[in-house]
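# Inside the fold
Each chain, written out:
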Amino acid sequence: MQQILQEKVLPNITSFSLNSFSILFGFVIMFCAGQASASPMKDLTDNNIQYNISGEVVDSEGLPVPGINVVEKGTSNGTMTDIDGLFSLEVNSDEAILVFSSIGFETQEISIEGEQNIEVTMETSVAGLDEVVVVGYGTSTKRDVTGAVASISDEEFNQGAITNPLQQISGKAPGVNINQVGSEPGSTPSVRIRGITSLIGGNDPLVVVNGVQGNMDLLNQIPPNEIQSVDILKDASATAVYGSRGAPGVIIVTTKKNKSGTSTLEYSSTASVDVLSNELDVLDADQWWEQAQRYGVPASANHGSSTDWYDILTKTGYTQNHTISFGAGTDTFNYRASVSAILQDGVVLNSNSDKYIARLSANQKALDERLDITLNINTGILETSNSIQSIGNAAFTSNLITNSYFLRPTDPVFDTDGDYYTDPNVFEYLNPYAVAQTTVDERENNNLFVSLNADLDVYEGITLGWFGSWRKTNNTVGFFLPVESTDANAINQNGFANISNSRQDEKLTNVSLSYENTFGEHKLNALALYEWQQQSYQGNYGQARGFFNNETTYNSLQSGDLSDVRSGDISSYKNDRSLVSFLGRLNYTLKDKYLLTLSYRRDGSSVFGENNKWGNFPAASVAWRIDEEDFMQDGIFNQLKLRAGYGITGNQQGLIPQQSLSLVSPGGITYFGGEQIRNFEISQNSNEDLKWERKKQTNIGVDFSLIDSRLSGSLDAYTATTDDLLFNYTVPQPPFPYNTVAANVGSIRNRGVELALNYDIIRNNDVTLSLGGNMSLLDNEVLNLSGSIEGVELNTDFVPWGTNSYLIEGQPVGTYSILQHEGIDGVGAEVVRDINGDGTIDQGVRSPDRQIQGSALPTYNFAINPRFRYKDFDFSMLWRGSGGNKIYNGLRRNLSLMESLGNANVLESAVDLDLFTSQYSSNLWLEDGDFVRLENVNAGYNWQLDTFKYIESVRFSITGNNLLLITDYSGIDPEINFSGGNGFGGDFGIYPRTTSVALGLQVTFK
């Protein structure tokens, strides 16, 4: 036990030393650089450079503008403005021309004409409307966008020890719900754009990184510090260009590139301490024994210890994030490279994650700058050791930390022989500390994706483009559960191990022809594109049991008992899918006031039925810049744009190759004529009509700014209906040979309103104070779940989907239909209401004793983001919340029955409840899921080091994450599985959520 306490108290010095050394190294560099600049040195600069030009860059209101590129025209000699808009640059001639440029500003060329100190005013469009927005297969500007697109730049990202890009944009865009369940190292948040629109078709948005298309795993393969911007396409008029993959929305990530004419070297580091933010209050040893005596538990169940199982399974966690990036370039060539390490040591024993990512981006212009070629290479390694997620006895399985709540506090960790303690009198007794220390659950992911893009300016606005990408992923998962773990399954099999390997190979290429020109008051942009994509998936699995020692874990399956090989111990697979697409898009602008976007995509996919290989996905949107009208010139609006759009998109995520075909699988062994004959049986029905889900969406929005552009925002209202829902429907036997079939039946509708606002309360040279925020309202309804296939009616208007929640026509997805708690009778048993008065309680799915009582799906989300700057100091906060949903607290139910005291523990609240037993899952355990969270607080100081020879600037920051949670929910955390499907809306325990404090250092070298 002494050893356990030492592990709990002492920090993991080894894991933390790398960051400590990095910060110390940064200070040493700054000190040495300062000394070097103060001491005499030989002038190593070019003898031709002899004119020192300094100055200030401001905007139209006289405010300093940091980050403006200042380049001597015709050379690679350049610099950037600092936080105060100041710059200093040595040039070749007193007649040099300086070029000032940055996204969102008009490029300016200024001749110095012998001046040594100049002031430059950058001209901006109203509210930054010329800022570039990536809209899929091209770019636009904010003022030209006609669809619902949310753009988030790196300056707006959340700060701290970020391990996944989704954490950077949490709370930044209305209608984009990013949900982090627990804080397990290596885990990825889920994201839903405008609600749940599919049942098995998949609700994860398409991810596009520098043109490379992929699933959510692609986000885990990008270093967060290397992201320049994130653009989120929300409505069908914007996502329809991705056809059969665009229904759940599209997240487009653009990584950083080196600016022409500059060289850069940067180092950034954050290190955080992660502590447990909340835990359930269970009985301690004295409290447990007091209650056990009340209920007649025999003294033999009290083993005399005082063990805090939760405490010995948890510890302080650490997270580190390091990135070194460098680049250089001229007007015709530039590159940027980076190496990142993201290291996490979790708060649960033996849970950690190490991720290493390297990337290179290079751009070359040739043929008199008519040819533009861009190469991106990204490779990474992710290694994780996981806390066990599903373990326990036959009556209750959950993650490892949740099992710790159930252990009696009087049980010891070790028995008198020094072995892990078990109680033979308790069925399938599990010692969670033994599991944490002896089980091996390791995963390794190796990934590589490469893309090459070439654009050739053929003739006066005609551009020929080619894009190709190749993505490869290899995953290995190894698991070993020894007898010493005390798990009953491991004991029965004398230990077991398995290993699985999976490989993913994705190739994509497209060829495009675009035309752009302006004819007087008419502006035209047209695109024609052909795209081909092929995906290949391959894997294998092997399992063995009966190991005589634990030395090789899962790395030597042949060391198990090979005479005990069972069905399912060995398997392998390989499948392929291909997608062919044709896309046409037209953007038309009249008088710089009236905008029209039309697109049409036709997709052909190999995964669908013989009768539905092709799908068509059209879209149209219009916009009116009302502020450009003559009658608005003297109005209060600086910008006012009305948008409207309609489109059809598809979804094929939930289907695998050959799902439309009739398949057979091994069905055991039959003995005939003295010989073994292997049987095969139908395992899947055919459906030649299997096709895409089709999502039809209408969006109306308005973008505005007023009060000298201090107040700006957008308002959107939408209706989206998904028809031809993909679902595994139950069918009768006969006529079907198998009892389920994948088919397109039913529809779901989402309606919502989204609002984003930002107000600059104070805006001057020294101080800026702004308040930003957004909110979204969602109304979801299952319209229909019935239909027919091959003449057979499918009446599925009431389907279990989640934990005590259902799909019910006319109700939101995940609607609770649940028994009503009436009270507790004289013997401590729960009583529920007999609604139909027939004298019995019917617990069936369609029981008349059930009542509809809310949904697991949140109906509103909001975020508030105040920001403050005083000279070189800045401060920001992010408050985020959601609600309108219910959570079934299954963990509280299982920890509140006093009948379990003889074998387990209970919550402190169970004493007051005094419920001895219950055979029901009633609304007693149904709670409101509303919450408000202080998710992010960041304070930083930017130190401009003009006197240092090699260091341009240093930024120090401190960030707190998950500092405060306001909720009435009695569980660990109200953010649970809102993704849909299995476990939806139910809380049976999660990996603990943590609170963290991070220190950050960012150094920019000259």
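## So, the sheet that holds strand E2 (residues 69–72)
With antiparallel pairing, the four strands of this open sheet are ordered in space as E3-E2-E5-E6. This sheet does not close on itself; its edge strands, each paired only once, are strand E3 (78–80) and strand E6 (108–111). Within the sheet, the average angular offset between the axes of one strand and its neighbour, ignoring direction, is 20°. Alignment of strand E5 (residues 97–101) against E6, held across four bridges, turns out to be antiparallel. Note that in E6 the partner of leucine 98 across the bridge is isoleucine 110.

## Details of a nonpolar patch on the surface
A cluster of nonpolar side chains, contributed by Leu452, Val458, Tyr459, Leu464, Trp466, Val511 and Leu513, occupies part of the molecular surface with about 610 Å² of accessible area. Mapped onto the nonpolar patch, the elements with two or more residues apiece are strand E24 (440–459), strand E25 (462–481) and strand E26 (496–519). Among the structural elements, leucine 464 can be located in strand E25. Judged by its relative accessible area of 39%, leucine 464 is partly exposed.

## Focus on the nonpolar core
Leu199, Tyr729, Leu785, Trp801, Leu807, Val813 and Phe984 are the most contacted members of the largest nonpolar core, which has 37 residues in total. When residues of this core are traced back to their parent elements, those giving at least two are strand E36 (726–730), strand E37 (740–744), strand E39 (767–784), strand E41 (792–795), strand E44 (815–819) and strand E50 (886–888). Val348, Ile388, Ile401 and Ala490 belong to the second largest nonpolar core, which has 34 residues in total.

## Digging into the packing of aromatic side chains
Summed over all chains, the structure comprises 23 aromatic pairs. Between phenylalanine 582 and tryptophan 614, the aromatic rings sit 6.4 Å apart at their centres with planes inclined by 25°, giving stacked as the arrangement. Here phenylalanine 582, found in strand E28 (residues 570–590), pairs with tryptophan 614, found in strand E30 (residues 614–625); they are 32 residues apart in sequence, far enough to count as distant. On the accessibility criterion, phenylalanine 582 (40% relative accessible area) is partly exposed. Counting every residue linked through ring pairs, the aromatic cluster contains Phe326, Phe333 and Tyr335. Across from the ring centre of tyrosine 718, 4.1 Å away, lies the NZ or CZ of arginine 194, which sits over that ring.

## Examining the pairing of strand E4 (residues 86–91)
Because side chains alternate across E4, one face comprises the buried residues Phe87, Leu89 and Val91, and the other comprises Leu86, Ser88 and Glu90, none of which is buried. Sheet topology places strand E1 (residues 51–58) next to E4; six bridges connect them, and they run antiparallel. Looking at the pairing, isoleucine 53 lines up with leucine 89 of E4.

## Regarding the pattern of salt bridges
Per the stated rule, a full pass over the model turns up 44 salt bridges. Between arginine 471 and glutamate 506 there is a salt bridge, with the nearest N and O atoms lying 3.7 Å from each other. On the criterion of sequence distance, the pair formed by arginine 471 in strand E25 and glutamate 506 in strand E26 is long-range, its members being 35 residues apart. Here the salt bridges share partners, and the residues they tie into one network are Arg880, Arg933, Glu935, Asp973, Glu975 and Arg993.

## Focus: unusual backbone geometry
The amide bond that connects glutamine 733 to the next residue, proline 734, takes the cis arrangement and shows omega of -15°. In this chain, proline 734 is followed by proline 735 through a cis amide linkage whose omega measures 10°. Relative to the elements of secondary structure, proline 735 occurs in the loop between E36 and E37. In the Ramachandran plot, aspartate 592 falls in the positive-phi region, its phi being about 60° despite a non-glycine side chain.

## Re the environment of glutamate 975
For glutamate 975, the position within the fold is in the loop between strand E53 (951–967) and strand E54 (994–1005). Once the C-alpha coordinates of glutamate 975 and proline 165 are considered, the two residues, 810 residues apart in sequence, prove to be 19 Å apart. Not counting the four nearest positions on each side in its chain, glutamate 975 is found in contact with Ile178, Asn179, Gln180, Val181, Arg880, Phe931, Arg933 and Arg993. Here the side chain of glutamate 975 touches arginine 880 through a polar contact of 2.7 Å, side chain to side chain. In terms of polar contacts, glutamate 975 uses its side chain to reach the side chain of arginine 933, at 3.0 Å.

## Quick look at the pairing of strand E19 (residues 333–345)
Within E19, 10 of the 13 residues are buried, leaving the element largely enclosed by the surrounding structure. Pairing analysis gives 12 bridges linking strand E18 (residues 317–329) to E19, with the strands arranged antiparallel. The residue of E19 that forms the bridge with tyrosine 318 is aspartate 345. Between E18 and E19, which pair antiparallel and follow one another directly, the connecting turn spans three residues. As paired strands, E19 and strand E20 (residues 352–366) are joined by 13 bridges and run antiparallel to one another. Each bridged residue has a counterpart across the sheet, and for isoleucine 342 the counterpart in E20 is lysine 355. Between E19 and E20, which follow one another and run antiparallel, lie six residues, and asparagine 350 among them has a positive phi close to 55°.

About the thresholds
Per chain, residue numbering runs from 1 following the sequence as it is written. Only residues with pLDDT of at least 70 are given local features in this predicted model, and only at 80 or more are side-chain atom pairs given and counted; all residues enter the totals for whole chains, interfaces and linings. Note: side-chain values were computed over all heavy atoms of the structure, leaving out hydrogens and water. Strand pairing is defined by DSSP finding a minimum of two bridges between the two strands. The helix and strand labels rest on DSSP assignments: H or I over at least four residues marks a helix, E over at least two residues marks a strand, and numbering proceeds from the N terminus. All axes here are fitted lines through C-alpha atoms, helices being fitted over the stretch that makes contact, and every angle between N-to-C directions spans 0 to 180 degrees. Like-charged residues are merged into a patch within 9 Å and nonpolar side chains (Val, Leu, Ile, Met, Phe, Trp, Tyr) within 5 Å, provided each residue has over 30% relative accessible area and no salt bridge. Computed with the Shrake-Rupley method and a 1.4 Å probe, the accessible areas treat only the protein chains shown as cover for residues. Here, a salt bridge means any side-chain nitrogen of Lys or Arg that lies within 4 Å of a carboxyl oxygen of Asp or Glu. Exposed residues in this analysis have more than 50% of their type's maximum accessible area, buried residues have under 20%, and partly exposed residues fall in between, with area computed by a 1.4 Å probe over protein chains only. By nonpolar core we mean a set of buried residues, namely Ala, Val, Leu, Ile, Met, Phe, Trp, Tyr and Cys, connected to one another through side-chain atoms within 4.5 Å. Whether two aromatic rings pair depends on their centres lying within 6.5 Å, for rings of Phe, Tyr and Trp, where Trp uses its six-membered ring; planes under 30 degrees apart make the pair stacked, over 60 edge-to-face, and the rest tilted. For a Lys NZ or an Arg CZ to count as sitting over a ring, it must be within 6 Å of the ring centre and within 35 degrees of the ring normal. Whether two residues are in contact is decided by their heavy atoms: any pair within 4.5 Å suffices. Pairs of N or O atoms within 3.5 Å make up the polar contacts considered here, provided that, within protein, one atom can donate a hydrogen while the other can accept it, and that residues adjacent in sequence are counted only when both atoms are side-chain atoms.

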